[in-house]
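What follows is the residue order along each chain.
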Amino acid sequence: MTQEEGWKEKLNKKYTELGQNTDTHLEGLYWSKPIQYWDYIEVDTLLSLQKPRTILEDENVFIMYHQVNELLFKMILHEIRQVADNDDITPEFFADRLYRISRYFNVLSSSFEIMKDGMDREQYLKFRTTLTPASGFQSGQYRIIEICCTDIINLIDARYRSSFPENTGWEDKIEHMYWQAAGKDYKTGKKTLTLSLFEERYKEKFIRIAGEYEHENLWAKFKGLPKETREDESLIKAMRHLDRTVNITWVMAHYNSAKHYLESGEETKEATGGSDWKKYMHPKYQRRMFFPDLWSDDERAHWAEDQPM
């Protein structure tokens, strides 16, 4: 059988199994236009998505930077879904996807140089006033990534984590997530406008995804593997690498960028959402880990303490 005959047989088999006529699809291929890069990537659409609110040039940099972040978040969720949907995971497959996610976060971390050194500080401090109460805190995709990486208990505010009731409903769990500290006065229970609008947009989605990923998040998938797979050193290394990459390296890159803009002038500024951004952002306060059992007691106790304030 020639290569041409082999492809014809494969095409016939494909379309027969779909209940389709191969000749009809071949005729459609004849009449179709060739694909172009700009159409496939939707370049014109992408380039039209920047809608600055001011006349300050660097606001465009700020917008595009965050749009790139959201695309990378979508890529990360794509990798997580591949693990969640796989019922026969090998250590090699699992570790490969974890390293993919780590690489995406490495790009995110290094890209903070754009925010820290690639924008004029005075321009930023002017256009940011038009963004209130909007905040990077409101990235729904990033919160979904966290929910899809670990058990919810590991995302509960550190002040309540050790004594948090196991049978609490999803809504109450979301109410006690660590990031609530950035938008809630725990003495009065009053929420900032930033948090209230964020929850109005995403809370129901968070609750739904938390339920869907209760047994499918990365940590749950790992714990459900056979003992010999859980003890695979290369897989454990990949898990630990991802944990540190996301919960220390990426968080500190964000923290240092915020510090550059909010503290480098004559007057210390507050975050656009009004949060106590230092205690919210620095990882040593929440000691957040996706895979806590893969770290020693000493490592957990001193998580991120080597990172400067």
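Each value, and the rule that gives it
- Residues numbered from 1 in each chain as written.
- Predicted model: local features only at pLDDT ≥ 70, side-chain atom pairs only at ≥ 80, totals over all residues.
- Heavy atoms only, no water.
- 1 Å grid on protein atoms, 1.4 Å probe; cavity = no way out; pocket = protein on both sides within 12 Å on 5 of 7 lines; lining within 4 Å.
- Points joined across faces, edges and corners; volume = space filled by probe spheres on them.
- Helix = DSSP H or I, 4+ residues; strand = E, 2+ residues; numbered from the N terminus.
- Nonpolar A, V, L, I, M, F, W, Y, C, P; charged D, E, K, R; others polar.
- Core = buried A, V, L, I, M, F, W, Y, C linked by side-chain atoms within 4.5 Å.
- Buried < 20%, exposed > 50% of the residue type's maximum accessible area, 1.4 Å probe, protein only.
- Contact = heavy atoms within 4.5 Å.
- Phe/Tyr/Trp six-rings, centres within 6.5 Å; stacked < 30°, edge-to-face > 60°.
- Patch = residues over 30% accessible without salt bridge, like charges linked within 9 Å, V, L, I, M, F, W, Y side chains within 5 Å.
- Areas by Shrake-Rupley, 256 points an atom, 1.4 Å probe, with all protein chains shown as cover.
- Salt bridge = Lys/Arg side-chain N within 4 Å of Asp/Glu carboxyl O.

## Let's talk about the layout of surface pockets
Put simply, the second largest pocket is a space of about 390 Å³. Elements supplying a minimum of two residues to the lining of the second largest pocket: helix H11 (170-175) and helix H13 (218-223). Class assignment of the residues belonging to the lining of the second largest pocket gives a composition of 10 nonpolar, four polar and six charged.

## Let's talk about the nonpolar core
Core analysis: the largest hydrophobic core is formed by 65 residues, its most contacted members being Ile80, Phe94 and Leu218. Contributions of two or more residues to this core are made by helix H5 (58-84), helix H6 (91-110), helix H7 (112-117), helix H8 (121-127), helix H9 (140-149), helix H12 (193-212), H13 and helix H15 (233-263). Leaving out residues up to four positions away in the same chain, Ile80 has contacts with Ile101, Ile145, Cys148, Cys149, Tyr213 and Leu218. Judged by nonpolar contacts, the second largest core, of 10 residues, contains Ile248, Leu262, Met281 and Trp303.

## Topic: the packing of aromatic side chains
All chains considered together, the criterion is met by 22 aromatic pairs. Ring centres 5.7 Å apart and planes at 65° place the aromatic pair Phe105 and Trp250 in the edge-to-face group. Separated by 145 residues along the polypeptide, Phe105 in helix H6 and Trp250 in helix H15 bring together distant segments of the chain. Of the residues examined, Phe105 reaches a relative accessible area of 0% and is grouped as buried.

## Regarding a nonpolar patch on the surface
A cluster of nonpolar residues, Ile35, Tyr37, Trp38, Tyr40, Ile41, Leu46, Leu47, Leu49 and Leu71, forms a patch on the protein surface that exposes about 1000 Å² of accessible area. For the nonpolar patch, the secondary-structure elements that each account for two or more residues are helix H3 (37-40) and helix H4 (43-47). Looking at the nonpolar patch element by element, the count peaks at three residues for H3. Structurally, Tyr37 can be placed in helix H3.

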